Every structure is written in structure tokens, then in C-alpha cells.
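One letter stands for each residue in the lines below.
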Amino acid sequence: MTTERRRDEVSQHVPEGGGRPRKIGWGVLALLLAAFAVFESVKYGVPTTVAALAFFVLIDLARLAGVRPPGALYQAVHRVWIPLVVLVAYTVGPIAWPPLFTAALGWLTRIALERASGRGFPSTDGA
């Protein structure tokens, strides 16, 4: 019983997922992505701005539609790799439609902002 108590006490004092440096990193990434999205929006006009803003609020729209954790759709809108794949595919592929690129920038900005504030994707241990 003493061993279990000590494990519980120790686990409460360990910062989860990298702690403060990780949150700072996500915050810096969010600022850079937001600046890049603004640059692209100014460069290409209204359609890119609308796409970036629409995908920035995608997580809120999913929440309003009733998407809750731990469902598959909830997990999909909080995954970094989905907008990242879109950004890379747009960069190296033959696609030439700027609203798609800024939509992925807006989505990735929102994910980075949520993770920087500590409200991002839930931990795997259920906490």
C-alpha cells in the first residue's frame, strides 16, 4: 500500500507531456502559422481569408455539431498530421488552389493554439 501511495504522489508532481517548454513551442508555432495565413490571405484575397477563418473555427463548429471526445471525428479535427499532409501535398503536388493551402494553415494554427493553451488533444491515459 505504501508503494502505491508513493507512485500516486510522484505521478501528481510530474508535468504532463513536456510541460511549459512544449506549450511555449506550440505557442510560437501558432504565431508563425497565423502570420503566414495572414500573408497568404492578403496576397490571394477574400477566398483564402474565408477558407483560413472557416478552418480556424472548424473545431468549434464540430463541437457545436455535437462532436465530443473520444469519437473518431473529434480525434480527426484535433490531429496535427491531417492539415500538415494537406500543406505538404499542396507544396509538392500539382494543386494550385490557394484557399486549400490557407484552410490547412488556419486549421493547423487552431490546433497549435489549443495545444499551447493546454486544451488540445486529450491525453491517452484519460486524464
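Thresholds applied
Residues numbered from 1 in each chain as written. Predicted model: local features only at pLDDT ≥ 70, side-chain atom pairs only at ≥ 80, totals over all residues. Heavy atoms only, no water. Patch = residues over 30% accessible without salt bridge, like charges linked within 9 Å, V, L, I, M, F, W, Y side chains within 5 Å. Areas by Shrake-Rupley, 256 points an atom, 1.4 Å probe, with all protein chains shown as cover. Salt bridge = Lys/Arg side-chain N within 4 Å of Asp/Glu carboxyl O. Helix = DSSP H or I, 4+ residues; strand = E, 2+ residues; numbered from the N terminus. Buried < 20%, exposed > 50% of the residue type's maximum accessible area, 1.4 Å probe, protein only. Arc of directions from axis to C-beta. Contact = heavy atoms within 4.5 Å. Core = buried A, V, L, I, M, F, W, Y, C linked by side-chain atoms within 4.5 Å.

Undergrad: Can you walk me through a nonpolar patch on the surface in this structure?
TA: Together, I24, V28 and L32 make up a nonpolar patch on the protein surface, roughly 290 Å² of accessible area in all. In this fold, L32 is placed in helix α2 (residues 19–44). According to the relative accessible area criterion, L32 is exposed, its value standing at 56%.

Undergrad: What am I meant to see in helix α3 (residues 46–56) here?
TA: Each full turn of the α-helix corresponds to 3.6 residues, which orients residues three or four apart in the same direction. All of the buried residues along α3 are T48, A51 and A52. Down the axis, α3 shows its buried residues gathered within 95 degrees of arc, on one side only. Exposed side chains of α3 directed beyond 90 degrees from the buried face belong to V46, V50 and L53. Those residues of α3 hidden inside the fold are in contact with α2 and α7 (98–116).

Undergrad: What is the right way to read the nonpolar core from this model?
TA: Counting residues in hydrophobic clusters, the biggest one holds 20 residues, and the most contacted among them are W26, V80, L87, F101, L105, L108 and I111. Listing elements by their share of this core, those giving two or more residues are α2, α4 (58–64), α5 (72–77), α6 (81–92) and α7. Aside from chain neighbours lying at most four places away, what touches L108 is L33, V80, P83, L84 and L87.

Undergrad: Help me out: how do you make sense of the environment of R79 in this one?
TA: Mapped onto the elements, R79 comes out in the loop between α5 and α6. Measuring from C-alpha to C-alpha, the distance between R79 and I111 comes to 7.7 Å, with 32 residues separating the pair along the chain.

Undergrad: Would you mind showing me how to read the pattern of salt bridges here?
TA: Here the structure, examined in full by the defined rule, presents three salt bridges. A salt bridge links D60 to R110; the nearest nitrogen and oxygen atoms lie 2.9 Å apart. Here D60 is found in helix α4, whereas its partner R110 is found in helix α7, with 50 residues between them in sequence. Close ionic contact of E114 with R110 constitutes a salt bridge, the shortest N to O distance being 3.0 Å. On the criterion of helical spacing, the pair formed by E114 and R110 is a turn pair, its members being four residues apart in helix α7. Each member of the pair, E114 as well as R110, is classed as buried.

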